[in-house]
Amino acid sequence: MWRRWRKLKEAFIEALIRLCGISATIFVVGIFLFVCREAFPLRHNPDFHLTEFFLSIQWYPTSEITKRYGVLAMIAGTFSVTLLSMLMAAPLGLGAAIYISEFCAPRPREILKVLVELLAAIPSVVWGFAGLTITSRLIVRFTSADVGVNLLNGAVLLALMSVPIIVSLAEDAFKAVPDSYREAAIALGATRWQTTWRVLLPAARNGLTAAVLLGFGRAIGETMAVLMASGHAITIPHSVLDPVRTLTANIAAELGEAPAESTHYQVLFLTGVLLFLITFVVNLSAGLVIRRERRS
Amino acid sequence: MNAIETCQLSLWYGTFQALKGITLEVEQGGITALIGPSGCGKTTLLRCCNRINERIPSVRTTGEIQILGKNIYDADVSLLELRKLAGMVFQRPNPLPMSIYENIVFGMRLHAPPEERTRAVLDQAVEKALTGTGLWDDLKDKLHTPAISLQLEQQQKLCIARLLPLQPEIILMDEPCAALDIAGTESIEQLIRSWKGVYTTLIVTHNMAQARRVSSHSAFMLSGELVENGLTEPLFTQPKDPRTAEYVSGHLA
Ligand SMILES: Nc1ncnc2c1ncn2[C@@H]1O[C@H](COP(=O)(O)OP(=O)(O)O)[C@@H](O)[C@H]1O
Ligand SMILES: [Mg+2]
């Protein structure tokens, strides 16, 4: 009796743990299916055309006469702000990771790592405040822009927000490089920088690529800060000082006002599907890059 | 003339003292073996000679090491020059993650002025280094394949070969055959013997037979102390210190 009870308990705990293990998969698939389901009726909707969705920059979902559902400008906004942010975040993040893992003494290293984690813990709405009150004013002061909430401002915030991810993943990538490589280079008279540049960077290349890709994934999905700080105008930007709207910001701003079941509502969910697919591809490629590294 | 002279060299890892006042002379152009049980500080002593120990933040050293008459702890010593002068071979072969060719010219790319880094000069250095280690015939057709793809023995020889273009005076070896089979061990030993009079070799080994086969001088260490040193044969056959006698007889039996 006692023994059977114990066996049962064991089985129950095992099942529970397994459930926790696969719950991530369940949630991801579940959310994806839910978002798809909300967008699904668009298939039969005469007001909606997929070509318009992808190729038009006209977004007039609430117009009385001619409703338009083109998200091209927001796709351009998303990618321009994210790419620009990576141009800043990748060098900054990799540089910080190099400093932390190769140049820093052990005690400051621990402090820096904690600080980087703190940076990651700042809520994005607080970054949005910072974007409105600090960086946008700096942009007005130092550039010819009349308003500081624009592509550059959003990119700066996204860069700062994705730097922590890049730093900690890149630091892991450097840590994974065998110490024997460092000793080999140092024993041949290499300086720290020569060791880093000639040996560690090539050796950690895949891990570093994955770090930047995951930083990119982080930035592209970010909503609140870019909603508050990048101007919210639906145009294809021609300079870094133009305001932009991203796909995420658009959803966040409009979903509350769109009547459920309306075309507008459904198109916003389709935008969600699109975002989901983009981040999926980005994260998948990061995963593949890491796998390739493990194999070699 | 001595290539290396340590004087009252002590070293601490944090609070643990790994070397206790080592005073040792290593004859120039000779082959000297460092022997002793595992954990007695052989590797530590060897790694003092190119100051690579200092990578570990907790390390503290006192005393002196003269290399070719110059104290390497002097403030004006260039670590890079020191490491060119004293090349190091590690216990596990550690070729860099690049091609065979790039492994060998790695040191030249770091140190040689640009005019000495032309393709022709590098090619020549590669051929010379590989010939000098008996690898040329086997590897000349695959110089641009990754060094990691070689067998362990070839990897270890490559790690030796990459020191040669820097024209070292001293070669420090930490159990260079520990990861190799008998054939590999033999061929590395042969290489080391061929260095007599050319390079000063300081080799750590826990293999007594190897010490006797390759070295002219030996130094026996025990718990961070240098117990006895001198010519290899007398040290093995008529050790002066009972501790040496015990260790040597224990390992020869
Ligand atoms: N990085 C280190 N930190 C602390 N102690 C160490 C370190 N490296 C070696 N030691 C200690 O120093 C002593 C000598 O080590 P080592 O020089 O590697 O001995 P051997 O090469 O003769 O086996 C050992 O007791 C070892 O535990
Ligand atoms: Mg050792």
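In this report, the structure presented in the accompanying data block is examined. No experiment lies behind these values; they were computed from the predicted model shown. (Residues numbered from 1 in each chain as written. Chains lettered and ligands numbered in written order. Predicted model: local features only at pLDDT ≥ 70, side-chain atom pairs only at ≥ 80, totals over all residues. Heavy atoms only, no water.)

**Looking at the packing of helix α3 (residues 100-111) of chain B against helix α4 (residues 119-132) of chain B**
Residues and elements named next belong to chain B.
Stage number 1. With their axes 10 Å apart at the nearest point, α3 and α4 run at an angle of 115 degrees to one another. Pair α3 / α4 crosses with right-handed handedness. Together, Tyr101, Ile104, Val105, Met108 and Arg109 of α3 and Arg119, Val121, Leu122, Asp123, Ala125, Val126, Ala129 and Leu130 of α4 make up the contact between the two elements. (Axes fitted to C-alpha atoms, helices over the stretch in contact; angles between N-to-C directions. Helix = DSSP H or I, 4+ residues; strand = E, 2+ residues; numbered from the N terminus. Left-handed = near helix turned anticlockwise from the far one by under 90°. Contact = heavy atoms within 4.5 Å.)

**Considerations on the packing of helix α7 (residues 179-187) of chain A against helix α8 (residues 192-203) of chain A**
All names here are of chain A.
Stage number 1. In contact at an axis separation of 10 Å, α7 and α8 are set at 155 degrees when each is read in the N-to-C sense. Comparing their axes, α8 and α7 come out roughly antiparallel. Handedness of the α7/α8 crossing: right-handed. Contacts from Tyr181, Arg182, Ala185 and Ile186 of α7 reach α8 at Thr195, Val199, Leu200 and Ala203.
Stage number 2. Here the contact of α7 with α8 is composed, by residue class, of six nonpolar, one polar and one charged. (Parallel < 35°, antiparallel > 145°, perpendicular 65-115°, else oblique. Nonpolar A, V, L, I, M, F, W, Y, C, P; charged D, E, K, R; others polar.)

**Quick look at unusual backbone geometry**
Residue and element names in this part refer to chain B.
Stage number 1. Positive phi values are uncommon outside glycine, yet glutamine 167 reaches one of about 50 degrees.
Stage number 2. Of note, glutamine 167 is situated in the loop between α6 (152-161) and β7 (170-174).
Stage number 3. Even without being glycine, glutamate 175 reaches a positive phi, approximately 40 degrees.
Stage number 4. Within the secondary structure, glutamate 175 sits in the loop between β7 and α7 (182-194).

**Side note on the site of ligand 1**
Residues and elements named next belong to chain B.
Stage number 1. In the neighbourhood of ligand 1, the contacting residues comprise Tyr13, Phe16, Ala18, Pro37, Ser38, Gly39, Cys40, Gly41, Lys42, Thr43, Thr44 and Ile56.
Stage number 2. The contact in question runs from an oxygen atom of ligand 1 to an N or O atom on the side chain of threonine 44, over 2.4 Å.
Stage number 3. Look at ligand 1: alone it shows 560 Å² of surface, and the protein chains cover 62% of it.
Stage number 4. Of all the elements in the fold, those that place two or more residues in the shell around ligand 1 are β2 (16-27) and α1 (42-48).
Stage number 5. If you tally residues by element for the shell around ligand 1, the top one is α1, at three residues.
Stage number 6. Grouping the amino acids of the shell around ligand 1 by side-chain chemistry returns six nonpolar, five polar and one charged. (Near = heavy atom within 4 Å. Polar contact = N/O pair within 3.5 Å; in protein donor to acceptor, adjacent residues only side chain to side chain. Areas by Shrake-Rupley, 256 points an atom, 1.4 Å probe, with all protein chains shown as cover.)

Scope: geometric values only; no functional claims are made or implied.
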